[in-house]
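Overview (structure and organization)
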Amino acid sequence: MSQKAGEDYAEFAAARAGHLYRSACLLTAGDTHLAEDLVQEALGRIYVRWGRVSRAENPAGYAQTVLSRTFLAHRRRFSSRERARDSFPELADTGADPSLRLTLLDALARLPAKDRAVVVLRYWEDRSVHETADALNMSSAAVRTRCVRALARLRELLGEDLAEYARS
(Lines give C-alpha, C1' and ligand atoms only; values in the text may rest on other atoms or scores of the structure.)
Protein backbone atom coordinates (compact mmCIF):
# COMPACT_ATOMS: atom_id res chain seq x y z
CA MET A 1 0.00 0.00 0.00
CA SER A 2 1.35 3.40 -0.94
CA GLN A 3 1.91 6.07 1.66
CA LYS A 4 -1.00 8.12 0.24
CA ALA A 5 -3.33 5.10 0.41
CA GLY A 6 -2.17 4.45 3.99
CA GLU A 7 -2.94 8.05 4.93
CA ASP A 8 -6.34 7.84 3.23
CA TYR A 9 -7.14 4.65 5.15
CA ALA A 10 -6.00 6.18 8.46
CA GLU A 11 -8.25 9.19 7.84
CA PHE A 12 -11.21 6.95 6.93
CA ALA A 13 -10.69 4.72 9.98
CA ALA A 14 -10.44 7.71 12.33
CA ALA A 15 -13.61 9.24 10.88
CA ARG A 16 -15.69 6.02 10.99
CA ALA A 17 -14.40 4.29 14.13
CA GLY A 18 -16.78 6.07 16.53
CA HIS A 19 -19.85 5.29 14.48
CA LEU A 20 -18.76 1.68 13.95
CA TYR A 21 -18.18 1.34 17.70
CA ARG A 22 -21.66 2.64 18.55
CA SER A 23 -23.20 0.22 16.05
CA ALA A 24 -21.10 -2.63 17.46
CA CYS A 25 -22.26 -1.79 20.99
CA LEU A 26 -25.85 -2.15 19.84
CA LEU A 27 -25.10 -5.38 17.98
CA THR A 28 -23.43 -6.84 21.08
CA ALA A 29 -26.16 -5.52 23.39
CA GLY A 30 -23.76 -3.39 25.37
CA ASP A 31 -20.67 -5.63 25.49
CA THR A 32 -18.13 -2.85 25.01
CA HIS A 33 -15.13 -5.16 24.97
CA LEU A 34 -16.57 -7.34 22.22
CA ALA A 35 -17.68 -4.21 20.36
CA GLU A 36 -14.09 -2.93 20.36
CA ASP A 37 -12.86 -6.30 19.09
CA LEU A 38 -15.44 -6.35 16.30
CA VAL A 39 -14.53 -2.83 15.18
CA GLN A 40 -10.83 -3.74 15.18
CA GLU A 41 -11.47 -6.87 13.15
CA ALA A 42 -13.71 -5.01 10.70
CA LEU A 43 -11.17 -2.22 10.23
CA GLY A 44 -8.45 -4.83 9.70
CA ARG A 45 -10.49 -6.51 6.98
CA ILE A 46 -11.11 -3.14 5.33
CA TYR A 47 -7.40 -2.30 5.49
CA VAL A 48 -6.52 -5.47 3.59
CA ARG A 49 -8.91 -4.48 0.79
CA TRP A 50 -8.47 -0.71 1.03
CA GLY A 51 -7.41 -0.30 -2.60
CA ARG A 52 -10.77 -1.65 -3.76
CA VAL A 53 -12.82 -0.23 -0.86
CA SER A 54 -11.54 3.31 -1.38
CA ARG A 55 -12.86 3.25 -4.96
CA ALA A 56 -16.28 1.97 -3.88
CA GLU A 57 -19.33 4.19 -4.17
CA ASN A 58 -19.97 4.11 -0.40
CA PRO A 59 -16.97 3.05 1.71
CA ALA A 60 -18.86 3.89 4.94
CA GLY A 61 -21.69 1.55 3.98
CA TYR A 62 -19.15 -1.11 3.10
CA ALA A 63 -17.61 -0.70 6.57
CA GLN A 64 -21.03 -1.20 8.21
CA THR A 65 -21.57 -4.31 6.13
CA VAL A 66 -18.19 -5.70 7.15
CA LEU A 67 -18.99 -4.95 10.81
CA SER A 68 -22.38 -6.69 10.61
CA ARG A 69 -20.92 -9.75 8.93
CA THR A 70 -18.06 -9.86 11.43
CA PHE A 71 -20.60 -9.80 14.26
CA LEU A 72 -22.65 -12.61 12.75
CA ALA A 73 -19.53 -14.70 12.09
CA HIS A 74 -18.46 -14.16 15.70
CA ARG A 75 -21.87 -15.26 16.96
CA ARG A 76 -21.70 -18.42 14.87
CA ARG A 77 -18.20 -19.21 16.13
CA PHE A 78 -18.86 -18.51 19.78
CA SER A 79 -22.59 -19.16 20.12
CA SER A 80 -22.07 -21.79 22.80
CA ARG A 81 -19.92 -19.50 24.92
CA GLU A 82 -21.81 -16.94 26.98
CA ARG A 83 -20.59 -14.72 29.76
CA ALA A 84 -22.82 -13.90 32.68
CA ARG A 85 -22.63 -10.42 34.16
CA ASP A 86 -23.85 -8.96 37.35
CA SER A 87 -23.54 -5.34 36.20
CA PHE A 88 -23.15 -3.18 33.13
CA PRO A 89 -19.97 -1.19 32.48
CA GLU A 90 -19.87 2.41 33.60
CA LEU A 91 -20.97 4.76 30.84
CA ALA A 92 -20.54 8.50 30.57
CA ASP A 93 -23.64 10.43 31.57
CA THR A 94 -25.17 11.83 28.40
CA GLY A 95 -28.24 13.20 30.11
CA ALA A 96 -30.29 10.32 28.76
CA ASP A 97 -32.30 8.05 31.02
CA PRO A 98 -29.89 5.23 32.02
CA SER A 99 -32.73 2.88 32.95
CA LEU A 100 -34.16 3.24 29.43
CA ARG A 101 -30.76 2.49 27.92
CA LEU A 102 -30.27 -0.59 30.10
CA THR A 103 -33.80 -1.82 29.42
CA LEU A 104 -33.34 -1.45 25.67
CA LEU A 105 -29.89 -3.10 25.71
CA ASP A 106 -31.31 -5.99 27.74
CA ALA A 107 -34.19 -6.39 25.28
CA LEU A 108 -31.79 -6.28 22.31
CA ALA A 109 -29.61 -8.91 23.99
CA ARG A 110 -32.58 -11.28 24.12
CA LEU A 111 -33.06 -11.18 20.35
CA PRO A 112 -31.36 -13.79 18.16
CA ALA A 113 -28.17 -12.45 16.56
CA LYS A 114 -29.60 -12.12 13.04
CA ASP A 115 -32.74 -10.38 14.29
CA ARG A 116 -30.59 -8.00 16.32
CA ALA A 117 -28.43 -7.27 13.26
CA VAL A 118 -31.54 -6.53 11.18
CA VAL A 119 -32.95 -4.18 13.84
CA VAL A 120 -29.65 -2.31 14.22
CA LEU A 121 -29.16 -1.90 10.46
CA ARG A 122 -32.77 -0.97 9.71
CA TYR A 123 -33.52 1.30 12.66
CA TRP A 124 -30.18 2.47 14.05
CA GLU A 125 -28.35 2.75 10.73
CA ASP A 126 -31.57 3.78 8.95
CA ARG A 127 -30.89 1.45 6.01
CA SER A 128 -33.51 0.36 3.53
CA VAL A 129 -34.76 -3.21 3.40
CA HIS A 130 -32.71 -3.79 0.25
CA GLU A 131 -29.50 -2.36 1.79
CA THR A 132 -30.00 -4.45 4.92
CA ALA A 133 -30.59 -7.56 2.80
CA ASP A 134 -27.38 -6.92 0.85
CA ALA A 135 -25.37 -6.31 4.01
CA LEU A 136 -26.54 -9.54 5.63
CA ASN A 137 -26.71 -11.76 2.52
CA MET A 138 -30.45 -12.28 2.92
CA SER A 139 -33.45 -11.77 0.71
CA SER A 140 -35.55 -8.65 1.19
CA ALA A 141 -38.45 -10.87 2.28
CA ALA A 142 -36.25 -12.42 5.00
CA VAL A 143 -35.32 -8.95 6.25
CA ARG A 144 -38.97 -7.87 6.39
CA THR A 145 -39.91 -11.09 8.21
CA ARG A 146 -37.08 -10.68 10.71
CA CYS A 147 -38.05 -7.02 11.30
CA VAL A 148 -41.65 -7.94 12.07
CA ARG A 149 -40.58 -10.81 14.33
CA ALA A 150 -37.88 -8.78 16.13
CA LEU A 151 -40.14 -5.77 16.73
CA ALA A 152 -42.91 -8.03 18.03
CA ARG A 153 -40.42 -9.70 20.38
CA LEU A 154 -39.17 -6.29 21.57
CA ARG A 155 -42.74 -5.18 22.26
CA GLU A 156 -43.31 -8.42 24.16
CA LEU A 157 -40.11 -7.97 26.19
CA LEU A 158 -40.66 -4.29 26.92
CA GLY A 159 -44.42 -4.58 27.52
CA GLU A 160 -45.72 -1.75 29.63
CA ASP A 161 -42.20 -0.33 30.00
CA LEU A 162 -42.29 0.73 26.36
CA ALA A 163 -45.37 2.90 26.85
CA GLU A 164 -43.90 4.32 30.07
CA TYR A 165 -40.62 5.28 28.37
CA ALA A 166 -42.38 6.71 25.33
CA ARG A 167 -44.27 9.16 27.59
CA SER A 168 -41.16 10.48 29.36
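Residues numbered from 1 in each chain as written. Predicted model: local features only at pLDDT ≥ 70, side-chain atom pairs only at ≥ 80, totals over all residues. Heavy atoms only, no water.

Observations concerning the overall build of the protein chain
Heads up, the rule is: What counts as a helix is a DSSP run of H or I of at least four residues, what counts as a strand is a run of E of at least two, and both are numbered from the N terminus. Contact between two residues is taken to exist if any of their heavy atoms lie within 4.5 Å; hydrogens are not considered. The method behind every accessible area is Shrake-Rupley, applied with a 1.4 Å probe, and residues are considered shielded solely by the protein chains displayed.
Along the backbone of the protein chain there are eight helices and zero strands. Mapped in sequence order, the helices and strands of the protein chain form the string α-α-α-α-α-α-α-α. Excluding contacts between residues fewer than 6 apart, the proportion of contacts in the protein chain whose partners are at least 24 apart in sequence is 68%. Working note: accessible area of the protein chain is about 10300 Å², and carbon and sulfur atoms make up 51% of it.

Details of the packing of aromatic side chains
Selection rule: A pair of Phe, Tyr and Trp rings is counted when the ring centres sit within 6.5 Å of each other, with Trp represented by its six-membered ring. The angle between the planes then sorts it: under 30 degrees is stacked, over 60 is edge-to-face, the rest tilted. Only protein chains enter the calculation, and the probe is 1.4 Å; a residue is then buried if its accessible area is under 20% of its type maximum, exposed if over 50%, and partly exposed in between.
Taken as a whole and judged by the stated rule, the model has three aromatic pairs. For the ring pair Y9 and Y47, a centre distance of 5.0 Å and an interplane angle of 70 degrees mean the geometry is edge-to-face. With a gap of 38 residues between them, Y9 in helix α1 (residues 3-27) and Y47 in helix α2 (residues 32-48) connect regions that are remote in the sequence. For Y9, a relative accessible area of 12% translates into the label buried. The exposure class assigned to Y47 is partly exposed, which follows from its relative accessible area of 40%. Seen in terms of ring centroids, Y9 and W50 are 5.5 Å apart; in terms of plane orientation they differ by 75 degrees. Their pairing is edge-to-face.

Re the side chain of R122
Relative to the assigned elements, R122 resides in helix α6 (residues 113-124). Discounting residues that sit within four places of it in the chain, R122 has contacts with R127, S128, V129, T132, V143 and C147.

What about the nonpolar core?
Cut-off, in case you're wondering: Nonpolar cores were defined as sets of buried Ala, Val, Leu, Ile, Met, Phe, Trp, Tyr and Cys residues, with membership established by side-chain atoms within 4.5 Å.
Of all hydrophobic cores here, the largest spans 42 residues; its most connected members are L43, I46, L67, F71, L136 and V143. The greatest single-element share of this core, amounting to eight residues, is contributed by α1.

What to know about α1
Put simply, the test is: The span you would expect from a helix comes to 1.5 Å times its residue count less one.
With 25 residues, α1 extends 34 Å between its outermost C-alpha atoms, agreeing within 8% with the 36 Å of an ideal straight helix rising 1.5 Å per residue. Buried residues of α1: Y9, F12, A13, L20, S23, A24, C25, L26 and L27, and no others. Of the surrounding secondary structure, the elements contacted by the buried residues of α1 are α2, α3 (50-53), α4 (59-77), α5 (98-109) and α6.

Observations concerning the pattern of salt bridges
Note that side chains of opposite charge can pair when their charged atoms are close. Which entries qualify depends on this criterion: One speaks of a salt bridge when a side-chain nitrogen belonging to Lys or Arg is within 4 Å of a carboxyl oxygen belonging to Asp or Glu.
Under the defined criterion, the tally for this structure stands at five salt bridges. Measuring nitrogen to oxygen at the nearest pair gives 2.9 Å for the salt bridge that ties K4 to D8. Here K4 pairs with D8, and both are found in helix α1, just four residues apart, close to one helical turn. For K4, a relative accessible area of 52% puts it in the exposed group. Among the ionic pairs, R110 bridges to D106, the shortest N-O distance being 3.3 Å.

Quick look at unusual backbone geometry
In this structure, D126 is a non-glycine residue whose phi angle is positive, near 60 degrees. Inspection of the secondary structure assignment puts D126 in the loop between α6 and α7 (129-136). The backbone of N137 shows a phi angle near 55 degrees, a positive value even though the residue is not glycine. Position of N137 among the secondary structure elements: in the loop between α7 and α8 (140-167).

Quick notes on the packing of α1 against α2
In plain terms, the rule: Orientation is described by lines fitted to C-alpha atoms, with helices fitted over the stretch in contact, and by angles between N-to-C directions that extend from 0 to 180 degrees. By definition, turning the near helix anticlockwise from the far helix through less than a right angle yields a left-handed crossing, and turning it clockwise yields a right-handed one. Lys, Arg, Asp and Glu make up the charged group, whereas Ala, Val, Leu, Ile, Met, Phe, Trp, Tyr, Cys and Pro make up the nonpolar group; the residues left over, Gly among them, are polar.
Interaxial distance between α1 and α2 falls to 9 Å at its minimum, and their mutual angle equals 145 degrees. With respect to the hand of their crossing, α1 and α2 are arranged in right-handed fashion. In this structure, α1 uses Y9, F12, A13, A17, L20, Y21, A24 and C25 to contact α2, whose residues at the interface are T32, A35, E36, V39, L43, G44, I46 and Y47. Of the residues assigned to the contact of α1 with α2, the class counts are 13 nonpolar, two polar and one charged.

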